[in-house]
Amino acid sequence: MSLLATGVLLGLLAANPAAAQDAPLPLQCQASPPIIAAQTFSLDEGVTANAPSSVTAGSTFAVSIAPDALTVPVSVSGYTVNSISGLTLTMPIPTNATLNGVTLSGGSGLGSGTPNVSENGTTIVLNVPGPIAGGSSFTLPKVTLDLTAGASGTTIDTRLAGSSYADPGLTFTASVPFWLFTLSVPTACYPSPNPVLSSTTVQ
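What you see is a predicted model, and the numbers here were worked out from it, not measured in a lab.

Trainee: I'd like to hear about the sheet that holds strand S15 (residues 155–158), residue by residue, with values.
Mentor: Each strand in a sheet pairs with its neighbour through backbone hydrogen bonds, running either in the same direction (parallel) or in the opposite one (antiparallel). Spatial strand order, S3-S18-S15: 3 strands in an open sheet with mixed pairing. Strands with a single pairing partner mark the edges of an open sheet, and in this sheet they are strand S3 (54–55) and S15. Across 4 bridges, S15 lies against strand S18 (residues 198–202) in antiparallel orientation. Within the sheet, the bridge partner assigned to isoleucine 156 lies in S18 and is threonine 200.

Take a look at the structure:
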């Protein structure tokens, strides 16, 4: 067998072709103004995840998570939303894998700030400074994970972090006019339910 054919065969054994998976990701949110009662609302997000269905133990592969477009609410519970800023999206680093690196690509309507992504302990954190105007649509950047598969017989799953308002997977600050003032309103969101976005079997 030629070296070229051997290389192709090893590549096929290492990872099955990546498949895109669309997943709805409904978010439950709570805005906590400093001088009025907390307000709750929902956001209907969606994600397209691209990952191989299976890989061999010890092989490297990529998983990408591309959020669908979102629209900033014009108002919440009758209060106008001027803009949002300081948006942070958090994902757990998948178990049964080693994270070698993470990159961003794409995204639109994100304001004047430059998005960035970092590893923080056991999580991956996407930061979008904004500001993003109320009523406008935006798309978060695609997050691509460079992973090395762990032991065979396991799965490598991706999902959004968060299980409650106190343990959110998405946070941002809303700018809200109130009488003669403009309030900065911290907002916390979590996915409910929280689906697996992609799943890769380690062979």
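Trainee: I'd like a rundown of the pairing of strand S14 (residues 142–149), residues and numbers included.
Mentor: In terms of strand pairing, strand S4 (residues 60–67) meets S14 through 6 bridges, oriented antiparallel. Across the sheet, the residue bridging to serine 64 is threonine 144, located in S14. Bridge analysis of strand S9 (residues 97–105) against S14 gives 8 bridges, and the strand direction is antiparallel. By the bridge assignment for S14, threonine 103 is matched with threonine 144.

Scoring rules and cut-offs
- Residues numbered from 1 in each chain as written.
- Predicted model: local features only at pLDDT ≥ 70, side-chain atom pairs only at ≥ 80, totals over all residues.
- Heavy atoms only, no water.
- Pairing = 2+ DSSP bridges.
- Helix = DSSP H or I, 4+ residues; strand = E, 2+ residues; numbered from the N terminus.

Purely geometric numbers; function is a separate question.
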